[in-house]
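Chain by chain, the residues:
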Amino acid sequence: MSAVAMPSERDAVPGAAEPILVVDRIVKRFDTPDGTLTAVDDVSLSIKPGEFFGVIGPSGCGKSTLFNVIGGLLDGYDGAVRVGGETVRGPHPAIGMIFQEESTFPWRSVIDNVAFPLEIAGMPKAERYARAGHFVSLVGLNGFERRFPAELSGGMRQRVSMARTLAAEPKIMLMDEPFASLDEQTRLLLGDKVLQIQQELKQTTLLITHNITEAVQLSDRIMVMTYRPGKVKRIVDIDLPRPRTSEIVSSEAFGRYVAQIWNDLREEATRGLLDDESRKLRAGGPS
Amino acid sequence: MAETGRLTAPARARRWVQAHPVTTLRIVIIVAVLLVWEGLARSGWLYRDVVPSWVAIGRALVVTLSDATFYWHLYTTFYEIGWAMVIGGVSGLAVGILLGGSKLMQRAYEPLLYYLGPCPKIIFFPVMIMWFGVGPGSKIAMGAISCFFPVALNVAGGMREIDKVLIRVGRSFRANTWQMVTKVYMPAMRHPIINGVRLGLGVCLIGTLLAETKLSNAGVGFLVIQSYTLFNMPHMYSLLIVLFVIAIGANALIGKLGGLDQIRRS
Amino acid sequence: MSGPIPFSKRRYFPAILGLGSCAGAVLLVELLVYVELLNRFIIPPPSDVVAAFPRVILEEHVLSRFMLTAGEALAASVLVTIFGVAGGVLLYQFNLLRLATETWVAAIAAAPLVLMYPLYLVIFGRNATTIVMMGFTAGLAPIILKTLEGLAGTRRVLINVGRSFNLTPSQQFWKILFPAALPTIFVGMRLGLIFALINIVGVEYLINFGGLGQLINELAERFDIAGTYAAICFVIVVSIIVFMLTERLERWLRPAG
C-alpha cells in the first residue's frame, strides 16, 4: 500500500534493541484545596523499539497525568523520562501525541490538518502535501482530503488526528484513550486500523486506556495501574500471535488475558467507585 | 396579501407568484410602504416636508450623490472612523488578549469593562473636546472609545473559549510562540474577533457620527445636522439612506468575510 | 464547602486589585495635576471632581432629572417590550412573513438608527416624546429578533409533547412555546432596556433637553469642568447600577435550568 519509503529506524525488531523510551520513577503531585494529591507514584517502565505498550487502570489512576508527563506537557515532577537516552524537557520531536478529546483543527481541511506538524517544521509546501497525502491514505481517508472536520464522523476525525501525529514521524506515539468518545463498533474497526498501521510502520506505541479488550487486542505488554495514587500493580506480557485483527477477541487465550487483567483491575475500580461515592456524599449529593 | 386568486391576472403571473411567495410578499410590502408614505406626503396632515414625497427624496439622493463636497465630507467621516477603528481595535485586541490570557487579570479588570461597556459613550464627548479639540481628533476619540469595549470583551471571551486540547496539540508538535499565535490562537479565535470588530464598527460609526452632529464643521454627521438647521428634509433623508446603506453593507460584508454565516466550518 | 481560610483571601484579591488600580490611577492623576504635568483646565484634580459632587447634586435638581430620564427609559422599554414581543410572535406564526422580513429586521438592528434623532426632532418636536421614540426605535429590532430566536429555538420534543396531548393552537402557544421562549425573551427585554437607556441619555445630551444627559451638556457649556466630570461619573454610576439591577432581575425571573 505504501509507496513512500519510511525512515530506517522504524525497521528495528522488537526485543532486540535498547529500550527507546524509559520512564524512571516518576512521581507527580498536585496541590488542591483539599491538600496534596499524588496522581502518579513511583512509576517506571521501558519500551523497546517497535513495541506496543498498553497502560490500563481505573478512571482517576493518573493515566492521563502520566501521558502528559511523558509528552512533555506537564512539568514539576520527580524522576525522569528519557527518549533514546536523552532526558525529555518539554515536548520532544521523537514523541507524537494523540489526545482523548476531539482535537482536529476545525478551520483546517483534512489534508491541512495532517500537514500541520510538517508546516510547523518548515517543510516546503509541495513536499508536505505529498507526505500528508500519504498519511491520509494510510488511515483510509482517501477522497476526504478537502473536507472539513465538521463534515466527518467522530471516528473519521480521530483518524485525522492519528494521521496528523503519524505525519510528524515520531519514534514513539502516545495515545490517551483515543477511542473513548466513539461507539463500540467504530472502536473495534479503528482498533483494526491501528493494528494494521502498527504492523505496516512498526510504530512504537504507548496506549493509555481503561478498556481491557482494547488493551489486550492491541498490546505486546500491558501495565496495570492502581487507583490513587497511581502505582504500577503488574506488567503482563501478552503472548498472542501477530498479525492480529479484531477477530482475536473470540480466541480462548484472549479470554484468559482479559480475565487475568480484570481480576487485577476489579479491586482498583471498586476502590475508585467507593471513594467517588463517599466524596459525592460529603459534597452533598451527586453533582 | 400574497393571494392573487381573485385577481384576473394571467395564469403565468399567478404561477410565478406561487413559485416565489417570499419575493412576492417582499414586493407587496415595499409597494405598500411606498404607497402609504406617498399618501401621507400628499395628504398634508403632517408638517410640510416631514414626510416628503419619494420623488423629492429620490431627487435629493441624486443631488447628494453627484455633489463633490458630499464626498469630501464622506471622506472626512471615513478618515475618522478608520483611525478610530485602528486605535480602538488594536487596543481592544491587546487588552482582550491580556484579559483572556490571565485568570487574575480577567477577574481584576474584566468586570470594569463589562459594566462600563453598556454605558452611553457619547457623554464623554465634552471631555474629548477638552482633550483633543473640536476637530477630527475628538471624533476619532469617540469612535475609538466606542469600538474598544466590544472588541476587548469579545477577544477576551474568545480566548477563554479556545478548546484547550488544540493548544496541547500545537505544543506537542513544538510550535514556537509565533506559530502558536498565527496557527492556533488566531484561527481558533477568528469568529469572536471578527464578531467583535463587526459590533465595534457598528458602535464606532454611531460614536463618530453623533459626535459630528454635536459639534463639528465637516463629516456626514455635520451634513445631517446642517440639513436639520436648514430644514431641508429631503436632503436629510437622502443622507440617512446613504449612511444606513453603508452601515448595513459594512456589517454584512464583515459577517460574510468572517464566515459568520457559515456553520460548516465552525 | 469552600476551602480553608487562605483561599477566601485569594478570592477577594482580584477585586481588590481591580478597584485598587483604579484608585491608584486617580491618585496618579491628582499628583500629576498637582505638579502641573497635567493642565488643570483640561483634567481637573480628582479631589475637585469629588468636591463638585454635592454642588452638582444639590443645585442641579439631579433627583428630578434622574426621575425624568428613568421615566423616559421606562416608557420606551414598555413600548419596546409590547411591540417587540408582538412582532416576534407575528414573525414566528407567519413563516412566510418571517422568510420575507427576518433579514430586514436584522439589517435594521445593525443600522445606526440613533442618527435619525434630527428627523425625530422635526417630527415630534424638542420634547420627551422625541426621546422616548428614539429609545423605542433603537430597542425594537433586537427584541423582535430575540423573541423569534426564543420561539424558534423551542425543542422539537416539547412541541411533540404538546401535540401528543392534543393541545389547541392557542394552548400550544401559551402552555409550550411561550414558556419555553421566556428566558430568551427576558434576555431581549433586558437588551431593549439597555439600548433604550443608552440612546435616551445620548439624545438628551445631544438635543440639550430633559434629564441626566442634558445636565452634562449644560455643565460643559458653562465651562464648569469639575462639574462636568462629576456629572459624567454620576451618569456612569447610575447606568452601572441599572445594568446590574436588570441582570439581577433577569436571573430572578428566569426559571432554573
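Residues numbered from 1 in each chain as written. Chains lettered and ligands numbered in written order. Predicted model: local features only at pLDDT ≥ 70, side-chain atom pairs only at ≥ 80, totals over all residues.

Let's shift gears to the overall build of chain A. Counting its regular elements, chain A contains seven helices and ten strands. By the compact-globule yardstick of 19 Å for 287 residues, chain A fits well, its C-alpha radius of gyration being 19 Å. Judged by the C-alpha coordinates and their principal axes, chain A covers about 60 × 45 × 40 Å. Taken over 287 residues, chain A has a buried fraction of 40%. Contacts in chain A between residues at least 24 apart in sequence constitute 71% of all its contacts with a sequence separation of at least 6. (Helix = DSSP H or I, 4+ residues; strand = E, 2+ residues; numbered from the N terminus. Rg over C-alpha atoms; globule rule 2.2 N^0.38 Å. Buried ≥ 20, exposed ≤ 12 C-beta atoms within 10 Å, placed from the backbone. Contact = placed C-beta atoms within 7 Å.)

Quick look at the sheet that holds strand β6 (residues 95-98) of chain A now. Residues and elements named next belong to chain A. The strand order β6-β7-β8-β3-β9-β10 describes an open sheet built from six strands, whose pairing is mixed. If you trace the sheet from one side to the other, it starts and ends with β6 and β10 (232-237), each paired once. Mean inter-strand twist for the sheet, computed between neighbouring axes without regard to direction, equals 15 degrees. Pairing analysis gives five bridges linking strand β9 (residues 221-225) to β10, with the strands arranged antiparallel. The residue bridging V224 from the neighbouring strand is R234, located in β10. (Pairing = 2+ DSSP bridges. Axes fitted to C-alpha atoms, helices over the stretch in contact; angles between N-to-C directions.)

Let us now look at the packing of helix α10 (residues 190-214) of chain B against helix α12 (residues 233-257) of chain B. All names here are of chain B. Put simply, α10 and α12 touch, their axes get as near as 9 Å, and they point 170 degrees apart. Between α10 and α12, the angle is such that the two are roughly antiparallel. Between α10 and α12, the residues in contact are I194, V197, R198, L201, G202 and L205 and A247, A250, N251, I254 and G255, respectively. Among the residues making up the contact of α10 with α12, the classes are represented as seven nonpolar, three polar and one charged. (Parallel < 35°, antiparallel > 145°, perpendicular 65-115°, else oblique. Nonpolar A, V, L, I, M, F, W, Y, C, P; charged D, E, K, R; others polar.)

For the rest of this paragraph, the subject is the domain arrangement of chain A. Residue and element names in this part refer to chain A. For chain A, the assigned domains are domain 1 (1-94 + 171-252) and domain 2 (105-169). Between the C-alpha centres of domain 1 and domain 2 there is a distance of 23 Å. Counting residues at the interface gives twelve residues for domain 1, matched by eleven residues for domain 2. Here the side of domain 1 that touches domain 2 is composed, by residue class, of eight nonpolar, three polar and one charged. (Domains from an automatic or database assignment.)

So, about the environment of A:R128. All names here are of chain A. Secondary-structure assignment places R128 in helix α3 (residues 125-138). Residue classification places R128 among the buried positions, given that 21 C-beta atoms sit within 10 Å. Along the sequence, R128 and I111 sit 17 residues apart, while their C-alpha atoms lie 9.7 Å from each other. If we ignore the near neighbours within four places in the chain, the residues touching R128 are A115, L118, E119 and M123.

What follows covers the sheet that holds strand β2 (residues 35-47) of chain A. Hydrogen bonds between backbone groups are what pair the strands of a sheet, and the pairing can be parallel or antiparallel. All names here are of chain A. Spatially, four strands are ordered β2-β1-β4-β5 in an open sheet, and the strand pairing comes out antiparallel. A single partner strand is all that each edge strand has here, and the edge strands are β2 and β5 (86-87). Relative to β2, strand β1 (residues 21-32) runs antiparallel, the two being bridged by nine bridges. Paired with R29 across the two strands is T38, which belongs to β2.

Below, the discussion takes up the nonpolar core. Counting residues in each nonpolar core, the largest one holds 190 residues, and the members touching the most others are A:V114, A:A163, A:L174 and C:A196. Counting residues per element, this core draws most heavily on helix α8 (residues 169-207) of chain C, at 19 residues. With sequence-adjacent residues up to four places away left out, C:A196 is seen in contact with C:A73, C:A76, C:S77, C:V80, C:G135, C:F136, C:A138 and C:G139. (Core = buried A, V, L, I, M, F, W, Y, C linked by C-beta atoms within 7 Å.)

Let us look at the pairing of strand β3 (residues 52-56) of chain A. All names here are of chain A. Of all the five residues making up β3, five are buried; the element is thus mostly covered by neighbouring parts of the structure. For β3 and strand β8 (residues 204-209), the ladder comprises five bridges, and the chain directions are parallel. What sits directly across from V55, in β8, is I208. Both β3 and β9 contribute to a ladder of four bridges, which runs parallel. Paired with V55 across the two strands is M223, which belongs to β9.

This paragraph deals with the interface of chain C and chain B. Listed per partner, the contact involves 36 residues of chain C and 41 residues of chain B. Taken together, the elements giving at least two residues each to the side of chain C that touches chain B come down to α1 (5-34), α4 (95-110), α5 (117-124), α8, α9 (212-221) and α10 (225-253) of chain C. Broken down by element, the side of chain C that touches chain B gets its largest block of residues, seven residues, from α10(C). Residue composition of the side of chain C that touches chain B, grouped by class: 31 nonpolar, five polar and no charged.

Before going further, it helps to examine the domain arrangement of chain C. For chain C, the domain assignment lists domain 1 (5-43) and domain 2 (54-253). Taking the mean C-alpha position of each, domain 1 of chain C and domain 2 of chain C sit 34 Å from one another.

On to helix α9 (residues 177-188) of chain B, then. Residue and element names in this part refer to chain B. Within α9 the residues assigned to the buried category are V184, Y185 and A188. All buried residues of α9 lie within an arc of 85 degrees about the axis, which places them on one face of the element. For α9, the exposed residues set more than 90 degrees away from the buried face come down to W178, T182 and M186. Looking at the packing, one finds that the buried side of α9 touches α8 (164-172). (Arc of directions from axis to C-beta.)

Moving on: the packing of helix α3 (residues 62-93) of chain C against α8(C). All names here are of chain C. The geometry of α3 relative to α8 is characterised by a closest axis approach of 9 Å and an angle of 140 degrees between their N-to-C directions. When the axes of α3 and α8 are compared, the pair comes out oblique. The way α3 lies across α8 gives a crossing that is right-handed. Contacts between α3 and α8 involve T69, E72, A73, A76, S77, V80, T81, G84 and V85 from the former and I185, G188, M189, G192, L193, A196, L197, I200, V201 and E204 from the latter. Class assignment for the residues of the contact of α3 with α8 results in eleven nonpolar, six polar and two charged. (Left-handed = near helix turned anticlockwise from the far one by under 90°.)

Here we come to the environment of C:L140. All names here are of chain C. Within the secondary structure, L140 sits in helix α6 (residues 128-152). Owing to 24 C-beta atoms within 10 Å, L140 belongs among the buried residues under this scheme. It is 14 Å that separates the C-alpha atoms of L140 and L74, two residues lying 66 residues apart in sequence. Discounting chain neighbours no more than four positions away, the residues touching L140 are V80, F83 and G84.

Take helix α7 (residues 136-160) of chain B next. Residue and element names in this part refer to chain B. Its 25 residues give α7 an end-to-end C-alpha distance of 36 Å, which sits within 8% of 36 Å, the value for a rise of 1.5 Å per residue. At F148, α7 shows its largest kink, close to 25 degrees, and the proline P150 lies no more than four residues downstream. Burial of α7 is extensive: 22 of the 25 residues sit out of reach of the surface. (Expected span 1.5 Å × (residues − 1). Bend = angle between axes of the 7 residues up to and from the residue.)

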